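# Chains, contacts and geometry: an overview
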Amino acid sequence: MTKNILILPGDGIGQEVSTSMKEVLHYLIEEQSLDFKITERNVGGSSYDEFGTPLTEEALKIAKDSDAILFGAVGGPQWDNLEWDNRPEQALLALRKSLSLFANLRPAFLFNELASASPLKNNIIENLDILIVRELTGGIYFGEPRGIVENESPKYGFNTMIYNEDEIRRIAKVAFEAAMNRNRKLCSVEKANVLEVSKFWRSIITEMGSEYPEVELSHQLADNTAMQLVLNPNQYDVIVSGNLFGDILSDIAATLSGSIGMLPSASLNSSSQGMYEPCHGSAPDIAGKGVANPIAMIASLAMAFEYSLDRIDIAKRIESAIKIFISNGLRTKDIATSEEFVQTQDVAPALINILKDGHE
Ligand code: IPM
Ligand code: MN
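Source: prediction; values computed, not measured.

The number of helices and strands found in the protein is twelve helices and twelve strands. What you see for the protein is a C-alpha radius of gyration of 20 Å, in line with the 21 Å of a compact globule of 360 residues. On the principal axes, the C-alpha backbone points of the protein span a range of 60 × 50 × 45 Å. Residue burial in the protein is summarised as follows: out of 360 residues, 52% are buried. In the protein, the share of contacts with a sequence separation of at least 24, taken over all contacts with a separation of at least 6, comes to 76%. Here the protein displays about 16,100 Å² of accessible surface, and carbon together with sulfur accounts for 50% of that area. On the protein, the mean spot of the 31 positive side-chain charges and the mean spot of the 50 negative ones are 3 Å from each other.

In structure tokens:
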């Protein structure tokens, strides 16, 4: 059956890293005679400039009908002062919510060859391999009531952090199952010492732990996890957390690997539909200069093959091509230790050559 893929390159370096990803995708489509229908649309600031909205109804409809959405990055200083509903980030939030992409998988791993790019000492960071499972469609990001009240004194702003048991159970299931496929350790992160919603979260996770006796379950307070991620990141295998804490912790984890330009992510719903995006943003300061690292975007394509396109074999091939690329000493500017580096546009052809070699 035809698989539908929507590419949303977005803004800034989202454009160039998507171009590289498309080269790899088109190579694989041809090599494997894949029955894929590819559509591309603007999103974020580039959509706002063209249509006056960061996400058109049409793009949203295509997204809903897609098996996988490959999302570059959105945002840039020229759109920073737009009214709330037209800000580029709203496109991302709307896509997550409308497609119920509740499970955000954010792996943080280190290629040991790149250890010197990490801000941490080599012995702390070596062999880093963590998966953060972040709840993505609930919690304080979407909780009601919310708002800003200007006609009272003092004025105030407020949000609601709320999770019901079903939301906690479904993200916990994803996390426990991921742990079963990895090193069988799961750490659930919240602020159960302060927040009722966290206390409740902990009770549901604990209850579910009995369904997964092989998984070593622990609970940590989010502030402690922030510290532990820097002191001893290798204590973790899988971390599960709510939307806000997961957002913060996944940035810390990504930074540890020294190269946010290397890390992919997947956001999935219960029918394995997924949106795949690099962890980095649109980096307007380096856009168009040929120095962006497209590997996170290409690794996101690998995750799409694994989780939404039923081709884990292809996912593994892309991932091992990336490993070979790195062990061959090829470096984009963000991970280069010398003045010598490859340009954005050189990465896909190099990866395709590696894919071809492995194929013969
Ligand atoms: C992320 C980003 C988004 C978030 C922003 C851009 C809305 O920081 O994907 O982590 O907060 O979820
Ligand atoms: Mn974030």
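It is worth spelling out the domain arrangement of the protein at this point. Parsing the protein into structural domains produces domain 1 (1–102 + 277–360) and domain 2 (129–256). Using only C-alpha atoms to locate each centre, domain 1 and domain 2 end up separated by 26 Å. Residue-level contacts link six residues of domain 1 with nine residues of domain 2. Among the residues domain 1 hides against domain 2, the three largest losses belong to Arg-96, Lys-97 and Phe-102. Together they make up 72% of the total. At the boundary of domain 1 with domain 2, the tally comes to zero salt bridges. The interface formed by domain 1 and domain 2 includes two residue pairs in polar contact (both at pLDDT 80 or more). Class assignment of the residues belonging to the side of domain 1 that touches domain 2 gives a composition of three nonpolar, one polar and two charged.

So, on to the pattern of salt bridges. Per the stated rule, a full pass over the model turns up 18 salt bridges. Asp-129 is paired through a salt bridge with Arg-182; the nearest N and O atoms lie 3.4 Å apart. With Asp-129 in strand β5 (residues 129–135) and Arg-182 in the loop between α6 (165–180) and β8 (185–190), this residue pair connects regions lying 53 residues apart in the sequence. Classification of Asp-129 as partly exposed rests on a relative accessible area of 37%. Among the charged side chains, a salt-bridge network with shared partners connects Asp-129, Arg-182 and Asp-237.

On to the sheet that holds strand β4 (residues 103–109). In spatial order, the strands read β2-β1-β3-β12-β11-β4-β5-β10-β8-β9; together these ten strands make up an open sheet with mixed pairing. The open sheet has two edge strands with one neighbour each: β2 (36–40) and β9 (216–221). Within the sheet, the average angular offset between the axes of one strand and its neighbour, ignoring direction, is 20°. When strand β1 (residues 3–10) meets β2, the two strands line up parallel, connected through five bridges. What sits directly across from Ile-5, in β2, is Ile-38.

Attention shifts here to the site of ligand 1. Near ligand 1 you find Glu-89, Leu-92, Arg-96, Arg-106, Arg-134, Tyr-141 and Asp-247, and these make up its full shell. One of the side-chain N or O atoms of Arg-134 is found 2.8 Å from an oxygen atom in ligand 1. Contact with the protein chains removes 72% of the 320 Å² of surface that ligand 1 exposes when unbound. In terms of residue count, the dominant contributor to the shell around ligand 1 is helix α4 (residues 88–98) (three residues). When the residues that make up the shell around ligand 1 are grouped by side-chain class, the tally is two nonpolar, no polar and five charged. Mapped onto the domain boundaries, the shell around ligand 1 takes at least three residues apiece from domain 1 (1–102 + 277–360) and domain 2 (129–256).

This next bit is on the nonpolar core. Nonpolar side chains in soluble globular proteins generally cluster together in the buried interior. In terms of nonpolar packing, the biggest core is built from 70 residues, with Leu-25, Leu-70, Phe-305, Ile-318 and Phe-325 touching the most fellow members. A per-element tally of this core places helix α10 (residues 295–307) first, with nine residues. Both domain 1 (1–102 + 277–360) and domain 2 (129–256) contribute no fewer than three residues apiece to this core. Setting aside chain neighbours within four positions, we find Leu-25 in contact with Ile-7, Phe-36, Ile-38, Leu-70, Leu-301 and Phe-305.

Conventions we followed
Residues numbered from 1 in each chain as written. Chains lettered and ligands numbered in written order. Predicted model: local features only at pLDDT ≥ 70, side-chain atom pairs only at ≥ 80, totals over all residues. Heavy atoms only, no water. Helix = DSSP H or I, 4+ residues; strand = E, 2+ residues; numbered from the N terminus. Rg over C-alpha atoms; globule rule 2.2 N^0.38 Å. Buried < 20%, exposed > 50% of the residue type's maximum accessible area, 1.4 Å probe, protein only. Contact = heavy atoms within 4.5 Å. Areas by Shrake-Rupley, 256 points an atom, 1.4 Å probe, with all protein chains shown as cover. Lys, Arg positive; Asp, Glu negative; His and termini not counted. Charge placed at Lys NZ, Arg CZ, Asp CG, Glu CD. Domains from an automatic or database assignment. Buried area = accessible area lost by both parts, 1.4 Å probe. Salt bridge = Lys/Arg side-chain N within 4 Å of Asp/Glu carboxyl O. Polar contact = N/O pair within 3.5 Å; in protein donor to acceptor, adjacent residues only side chain to side chain. Nonpolar A, V, L, I, M, F, W, Y, C, P; charged D, E, K, R; others polar. Pairing = 2+ DSSP bridges. Axes fitted to C-alpha atoms, helices over the stretch in contact; angles between N-to-C directions. Near = heavy atom within 4 Å. Core = buried A, V, L, I, M, F, W, Y, C linked by side-chain atoms within 4.5 Å.

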